[in-house]
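Remarks on the overall topology
Take a look at the letters that make up each chain.
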Amino acid sequence: MENINDIDVIVIGAGPSGLACAITCKKENKNVLVIERASKFGVKNMYGGAVYLESLKELLGNDYKNLSVDRIVKNHNWVILNNDNSLKVSYKNKDAKSSGIITRYSFDNFLAEYAKNLGVYFANETLVVDLIKKGNKIVGVKTDKGEEIYSKVTVISEGFNSVLAKKAGLKTKMKPNDAILGIKEVIRLDYETINQRFNLKENEGAIYEFFGGIKGDNTEPPLGMGFLYTYKNFVTVGVGISMKSLTDSKTKPYEYLERLKSNEFVSSLIKDGEVIEYSAHSIPETGYKMLPKLYCDGALLVGDAAGLVDSIHFEGTNLAIKSGMLAGQTAVIAIQKNDYSKNTLKIYKEMLFNSFVMDDLKTYKNVISVLYERKNSIFSYYLNKADEFFKLFTTADNKGKKQGYRKFIKAFFKDRPIKDLIVDVISFVKCVINAII
Ligand SMILES: Cc1cc2nc3c(=O)[nH]c(=O)nc-3n(C[C@H](O)[C@H](O)[C@H](O)COP(=O)(O)OP(=O)(O)OC[C@H]3O[C@@H](n4cnc5c(N)ncnc54)[C@H](O)[C@@H]3O)c2cc1C
């Protein structure tokens, strides 16, 4: 590491949240040190594939245009899979330009290079093992190299495995309900095949979300879903499964992914592709209802470490960037006031609650608990019924349509206790009301 004295801000972790914080502080001429355990940026990090350009524009101004994405997302698809039947809703917006598909390696490196060029210091291949406290105040960090580095403000942007956030007293132990495990394969397909198979032109990109298709025979449906992103020369296909479902079912994570990949709809999209990478990473699911403490004397908590992920829209990088920026702005204010106490650092929480980050988490605050509570209805009963309805609607069996509809409606109310249907409706209405009020 370079010989660094007078560090204003230490940032732990060079993901999008930490790098956004470092860039924000450095733009205000503060001395910033980012400590990253990995030797190269992004290699420890994993996601599906889309970054959101508005957050980047806010962080970098017009320089955000220098980010070269593989594809711009123009095409969203939601697919219900039931055995080998499928029901697809597809939306193409040819003017869409709010999200781009890019590898984490390229994205994290782009941000890190930008920060380096501004003059941010980096210590790679260095693990922060502990926080230095003076009374209740965090005043620096200890690394695995035996160094003690002091700072005015410490920003904890360590991602999901919030070891240091717990040491700071900001977070408590997570429960299986609080996390999702994402498992993903990168599958090589050539550019022309991707464009042809997914009906894309030039650098247009597509995202698929799959509901169903991962349940085993005679087992409860897991709380989880599949995804697919089209890059330039490969696609990523993966599943996100709640830790609770994983522990309850004893099914291995990769078995869920294998089930998805062997579904006829999905297998036709990845046919003849070569698997070139396999990875797994966890996503916090704590959301608005179980927000940790976001600050303490001397330290701020940002990004995944603070549980700032909108898992309904698969958005995390943009919330990470915004929280990193707000933490950076707070650190700058604290340095100007020469006050690193909770009293000043609480500004971060106030700004976060006035931003889209908390607005979005609040919008979906009931959805996650409803998904857990109503798992069997949502991930099994209604998926089956949607399939049955479309089978009926598209089959010409000379039996008369009216008779078919009557049978369907009768079965709809017979196959599931009426009280369960009522609770489903109430839960759904509660989510909708919460989202709009
Ligand atoms: C399967 C999956 C799919 C996803 N898909 C998307 C998507 O398509 N779009 C989207 O926007 N978001 C997506 N996300 C979420 C997104 O990846 C995260 O929300 C985002 O990366 C959070 O950024 P962060 O900086 O807070 O944490 P991270 O990106 O996790 O970065 C944390 C950094 O800290 C480092 N670190 C950790 N501990 C230490 C330590 N003690 N010392 C030094 N360094 C340390 C790590 O090496 C890492 O570089 C997905 C996530 C998963 C798991």
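Since this is a predicted model, take the numbers as computed values, not measurements.

This part takes up a nonpolar patch on the surface. A cluster of nonpolar residues, Val 425, Phe 428, Val 429, Val 432, Ile 433, Ile 436 and Ile 437, forms a patch on the protein surface that exposes about 730 Å² of accessible area. One can find Val 429 in helix α15 (residues 418-436). Residue class for Val 429 comes out partly exposed when judged on its relative accessible area of 39%.

Turning to the side chain of Ser 323, a few remarks are in order. Mapped onto the elements, Ser 323 comes out in helix α9 (residues 317-337). The exposure class assigned to Ser 323 is buried, which follows from its relative accessible area of 0%. Side-chain polar atoms of Ser 323 contact the backbone nitrogen of Gly 303, separated by 3.0 Å. Every residue in contact with Ser 323, bar those within four places of it in the chain, is listed here: Ser 17, Val 302, Gly 303, Leu 308, Tyr 348 and Leu 352.

So, on to the state of the cysteines. Taken as a whole and assessed by the stated rule, the structure comprises zero disulfides. Cysteine Cys 25 shares no disulfide, and the gap to the nearest cysteine sulfur, in Cys 21, comes to 4.2 Å.

On to helix α13 (residues 375-394), then. Under the 1.5 Å per step criterion, the end-to-end length of α13 is 28 Å for 20 residues, consistent within 8% with the ideal 28 Å. Considering bend angle alone, the principal kink of α13 is centred on Tyr 381 and spans about 30°. Among the residues making up α13, those that are buried are Lys 375, Ser 377, Phe 379, Ser 380, Tyr 381, Leu 383, Lys 385, Ala 386 and Asp 387.

Here we come to the sheet that holds strand β8 (residues 128-134). Sheet strands pair by backbone hydrogen bonding; their relative direction is either parallel or antiparallel. With antiparallel pairing, the three strands of this open sheet are ordered in space as β8-β9-β10. Taken across any chain shown, the strands that pair with only one partner, and hence form the sheet edges, are β8 and β10 (148-150). If you compare each strand with its neighbour and ignore which way they point, the axes differ by 35° on average.

Glancing now at the pattern of salt bridges. By the definition in use, this model includes 20 salt bridges. Put simply, Arg 374, Arg 416, Lys 419, Asp 420 and Asp 424 are held in one network by salt bridges that share partners.

The rules behind each value
- Residues numbered from 1 in each chain as written.
- Predicted model: local features only at pLDDT ≥ 70, side-chain atom pairs only at ≥ 80, totals over all residues.
- Heavy atoms only, no water.
- Patch = residues over 30% accessible without salt bridge, like charges linked within 9 Å, V, L, I, M, F, W, Y side chains within 5 Å.
- Areas by Shrake-Rupley, 256 points an atom, 1.4 Å probe, with all protein chains shown as cover.
- Salt bridge = Lys/Arg side-chain N within 4 Å of Asp/Glu carboxyl O.
- Helix = DSSP H or I, 4+ residues; strand = E, 2+ residues; numbered from the N terminus.
- Buried < 20%, exposed > 50% of the residue type's maximum accessible area, 1.4 Å probe, protein only.
- Polar contact = N/O pair within 3.5 Å; in protein donor to acceptor, adjacent residues only side chain to side chain.
- Contact = heavy atoms within 4.5 Å.
- Disulfide = S-S within 2.5 Å.
- Expected span 1.5 Å × (residues − 1).
- Bend = angle between axes of the 7 residues up to and from the residue.
- Pairing = 2+ DSSP bridges.
- Axes fitted to C-alpha atoms, helices over the stretch in contact; angles between N-to-C directions.

Functional significance is not addressed by these values, which are geometric in nature.
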